[in-house]
Amino acid sequence: AQKVTQAQTEISVVEKEDVTLDCVYETRDTTYYLFWYKQPPSGELVFLIRRNSFDEQNEISGRYSWNFQKSTSSFNFTITASQVVDSAVYFCALGGDSNYQLIWGAGTKLIIKP
Amino acid sequence: GAVVSQHPSRVICKSGTSVKIECRSLDFQATTMFWYRQFPKQSLMLMATSNEGSKATYEQGVEKDKFLINHASLTLSTLTVTSAHPEDSSFYICSARDPYRGSYEQYFGPGTRLTVT
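Residue positions are counted from 1 within each chain, in the order its sequence is given. The naming scheme follows written order: chains are lettered A onward, ligands numbered 1 onward. Restriction of local features to residues with pLDDT of at least 70 applies here, the model being predicted, together with a cutoff of 80 or more for giving and counting side-chain atom pairs; totals for whole chains, interfaces and linings are based on all residues. Water and hydrogen atoms were dropped before computing side-chain values, which therefore reflect all heavy atoms in the structure.

Draft legend 1. Here's a closer look at the overall build of chain B. When helices and strands are counted, chain B shows 0 helices and 11 strands. Helix and strand definitions here come from DSSP, where helices need a minimum of 4 consecutive H or I residues and strands a minimum of 2 consecutive E residues; each element is numbered from the N-terminal end. Ordered by position from N to C terminus, the α and β elements of chain B give β-β-β-β-β-β-β-β-β-β-β. Values of the radius of gyration come from C-alpha atoms, whereas the globule rule sets the reference at 2.2 Å times the count of residues to the power 0.38. A globule of 117 residues ought to have a C-alpha radius of gyration of about 13 Å, and chain B, at 13 Å, matches this closely. Only protein chains enter the accessibility calculation, which uses a 1.4 Å probe; a residue is then buried when its area is under 20% of its type maximum, exposed when over 50%, and partly exposed in between. Residues counted as buried form 52% of the 117 residues belonging to chain B.

As structure tokens, this is what we get:
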């Protein structure tokens, strides 16, 4: 069975601190995709990244970076020099079945204090 | 590109009435659309998957007669909440898949907040 675990329910840091959001997944598929989405208070989901199972290279996009490690089945997300605008709920998701459905983690609420 | 709209963004209805939510892919043809429900402080819960021209596939525990899904064209899917009750109040999100942009990429609408009084 496929599963995504985001063990951190809520994280609170002071602005400019670095913060890492954890995501651990379970799947028996050899080909799969991992995603991160941001959901600000408005509710609209914002796509951040997609990574396929064959690409373990870490990704950096501005202050955002992602660490994909198949050996530990993790796809962690780090925000460097956090800003108040980063406050949101962040979801990790896994895709890989024939129905094109995504399996969602419970989400991590990130609070950045000024 | 890959924009999905939802209408309405917010709706308040009385208990016992029906509400229709529209989901449109504006710049691509969506062979598959997904409907999610999200309760406060919870994750997204998949309600159903709809493929254009065929009946929707509902997840376990979702009443198909209560949540009617129609995917009549490649750019439009509708979710009708029939005989709504206060417990149906929730945030409903649709997403669409563009098969030409990548297998598992889903493009999300902005969501519809339903309040049943």
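Draft legend 2. Region of interest: the environment of T32(B). Residue and element names in this part refer to chain B. Secondary-structure assignment places T32 in strand β4 (residues 32-38). Here the alpha-carbon distance between T32 and L74, two residues 42 residues apart in the chain, equals 8.2 Å. What makes two residues a contact is simply this: any of their non-hydrogen atoms within 4.5 Å. Those residues within four positions of T32 in sequence are excluded, and the remaining contacts are T49, S50, N51, H71, S95, A96 and R97. There is a polar contact of 2.7 Å between the side chain of T32 and the side chain of N51. A 3.5 Å cut-off defines polar contacts: any pair of N or O atoms within that distance qualifies, except that in protein one atom must be a possible hydrogen donor and the other a possible acceptor, and neighbouring residues in sequence count only when both atoms are side-chain atoms.

Draft legend 3. Quick peek at the state of the cysteines. Working definition: a disulfide is two cysteine sulfur atoms within 2.5 Å of each other. Here the structure, examined in full by the defined rule, presents 2 disulfides over all chains. What pairs with C23(A) in a disulfide is C92(A), and their sulfur atoms sit 1.9 Å apart. Looking down the S-S bond of the C23(A) and C92(A) bridge, the torsion is -65°, so its handedness is left-handed. Residue C23(A) is located in the loop between β3 (19-21) and β4 (24-26), and its partner C92(A) is located in strand β10 (residues 88-95); the two are separated by 69 residues in the primary sequence. A residue is classified by how much of its surface remains accessible, and C23(A), at 0% relative accessible area, is buried. A relative accessible area of 0% means that C92(A) is categorised as buried. Here C23(B) is linked by a disulfide to C94(B), with a sulfur-sulfur distance of 2.0 Å. Across the S-S bond of C23(B) and C94(B) the torsion is about 80°, and the bridge reads as right-handed.

Draft legend 4. Representation of the pattern of salt bridges in the model. By definition here, a salt bridge exists when the distance from a side-chain nitrogen of Lys or Arg to a carboxyl oxygen of Asp or Glu is within 4 Å. For the coordinates displayed, the defined rule picks out 6 salt bridges over all chains. With a closest N to O distance of 2.7 Å, D86(A) and R63(A) form a salt bridge. Of the two residues, D86(A) is situated in the loop between β9 (74-79) and β10 and R63(A) in the loop between β7 (59-61) and β8 (64-69); the sequence distance between them amounts to 23 residues. Residue E22(B) pairs with R24(B) through a salt bridge whose shortest N-O separation is 3.4 Å. Residue E22(B) is classed as partly exposed on the basis of its relative accessible area of 24%. Sharing partners across several salt bridges, the network here consists of R51(A), D55(A) and E59(A).

Draft legend 5. Quick peek at the interface of chain B and chain A. With 22 residues of chain B in contact, the opposing surface of chain A contributes 22 residues. Put simply, buried area is the surface a 1.4 Å probe can reach on two separate parts but cannot reach once they are joined, added for both. Surface buried jointly by chain B and chain A totals about 1700 Å² across both partners, of which 54% is contributed by carbon and sulfur atoms. The largest contributions to the chain B side of the interface with chain A come from Y104(B), E105(B) and F108(B), which together make up 38% of the buried area. In this structure, E105(B) engages R50(A) in a salt bridge whose closest nitrogen and oxygen atoms are separated by 3.6 Å. Taken together, the links from chain B to chain A amount to 6 residue pairs in polar contact (both at pLDDT 80 or more). Looking at the side of chain B that touches chain A, the elements with two or more residues in it are β4, β5 (45-51), β9 (90-97) and β10 (106-108) of chain B. When residues are grouped by polarity, Ala, Val, Leu, Ile, Met, Phe, Trp, Tyr, Cys and Pro land in nonpolar, Asp, Glu, Lys and Arg in charged, and all others, Gly among them, in polar. Its residues placed into classes, the side of chain B that touches chain A shows 9 nonpolar, 8 polar and 5 charged.

Draft legend 6. Highlighting the sheet that holds strand β7 (residues 67-73) of chain B. Residues and elements named next belong to chain B. If you walk across this open sheet you meet the 4 strands as β1-β3-β8-β7, and the pairing is antiparallel. Strand pairing shows two members of the sheet lacking a second neighbour, β1 (4-7) and β7, which therefore form its edges. In this sheet, adjacent strand axes meet at a mean angle of 15° when their direction is disregarded. Paired strands, in this sense, are two strands between which DSSP finds at least two bridges. Bridge analysis of strand β3 (residues 19-25) against strand β8 (residues 76-81) gives 6 bridges, and the strand direction is antiparallel. In the sheet register, I21 faces β8, and the bridge partner there is L79. Interaxial angles span 0 to 180 degrees and are taken between N-to-C directions of axes, which are lines fitted to C-alpha atoms, for helices over the stretch in contact.

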